[in-house]
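# Per-entry structural report
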Amino acid sequence: MFYVNVEGGGRILAYPNGRGALDGVIGFQYWHEEHKAYGVRQVICTAAGSTVDLGGETLCSIPAQSIGNSTLAITNVTSWYSIRAGLDTEYRLTRWLSVHGSAMLKPLSIFDNQDTHHLRLNTFQSPSFTMLGIGVGADADAGVKFYITKGLAVDLGYRVWWNRMLDGTWKSHLTGGGSETFPLTQFQSLRHGATFGLTVTF
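Residues numbered from 1 in each chain as written. Predicted model: local features only at pLDDT ≥ 70, side-chain atom pairs only at ≥ 80, totals over all residues. Heavy atoms only, no water.

### Observations regarding the side chain of H117
Along the chain, H117 falls in strand β4 (residues 97-117). Aside from chain neighbours lying at most four places away, what touches H117 is A73, I74, S128 and F129. (Helix = DSSP H or I, 4+ residues; strand = E, 2+ residues; numbered from the N terminus. Contact = heavy atoms within 4.5 Å.)

### Focus on the pairing of strand β6 (residues 152-174)
The sheet contact formed by β6 and strand β8 (residues 188-200) spans 13 bridges and is antiparallel. Bridging across to β8, V160 finds its partner in H192. In terms of strand pairing, β6 meets strand β7 (residues 179-183) through five bridges, oriented antiparallel. Bridge pairing in β7 places S172 opposite E180. (Pairing = 2+ DSSP bridges.)

### So, unusual backbone geometry
The backbone of N17 shows a phi angle near 65 degrees, a positive value even though the residue is not glycine. Along the chain, N17 turns up in the loop between β1 (2-14) and β2 (20-40).

### Quick notes on the pattern of salt bridges
Under the definition given, this model contains seven salt bridges. For E33, the salt bridge identified is with R191, shortest N-O distance 2.8 Å. Separated by 158 residues along the polypeptide, E33 in strand β2 and R191 in strand β8 bring together distant segments of the chain. Residue classification places R191 among the partly exposed residues on the basis of a relative accessible area of 34%. The shortest N-O distance in the salt bridge between E90 and K145 comes to 3.5 Å. Taken together, the positions of E90 in strand β3 (residues 67-92) and K145 in strand β5 (residues 124-147) put the pair 55 residues apart, joining distant regions of the chain. Taking relative accessible area as the criterion, K145 reaches 11% and is therefore assigned buried. One continuous salt-bridge network, built from bridges that share partners, spans E7, R84, K106 and D139. (Salt bridge = Lys/Arg side-chain N within 4 Å of Asp/Glu carboxyl O. Buried < 20%, exposed > 50% of the residue type's maximum accessible area, 1.4 Å probe, protein only.)

Following this line, the structure appears as structure tokens:
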């Protein structure tokens with residue numbers, strides 16, 4: 001996973017006694033993730049679903065041989081392109097300690113998702129499936145800064161990023177060159193966790 005945020009903004013409010021400020025921010029975010037799955041787990045078929053009509057297809061099938069964990073089975077690549085706008089603030093509690101936070105709305109996000117099933121290359125192209133659509137999202141973070149010097153601080157915090165599809169399409173790509181298109185009913189990315197960093201102000 002990696003991301004790029006490009007932002008600009010302006011001062012909305014300066015807190016008394018030089019303790020910090022509230023800023024308005026607008027910008028662009030590129031959020032990219034790649035996941036790889038190795039090996040295939042055997043599936044055991046039972047009669048439990050034998051009454052389900054799957055259009056003539058079997059309920060499930062057992063692989064002809066075991067696929068080890070060293071064999072790449074699936075690669076999934078997701079990219080989000082988002083406009084972000086929101087607020088960013090920092091407040092100095094003491095000379096060496098401050099709290100900060102930001103809240104960003106993403107009113108427009110465009111996503112591209114590619115799913116490659118490497119063990120199905122006799123049936124599917126690469127990528128095997130593609131998804132494209134638009135959505136919305138929101139980002140938020142909060143934390144504390146411990147100032148080592150006037151311009152250097154250690155930053156500890158927590159961050160939440162979320163994007164969700166509003167409308168999209170899902171395509172299945174066959175080896176013959178054709179593809180089948182279906183509505184995409186759900187797609188989202190959610191990441192959250194603790195953060196640690198160094199902040200340099202000049």
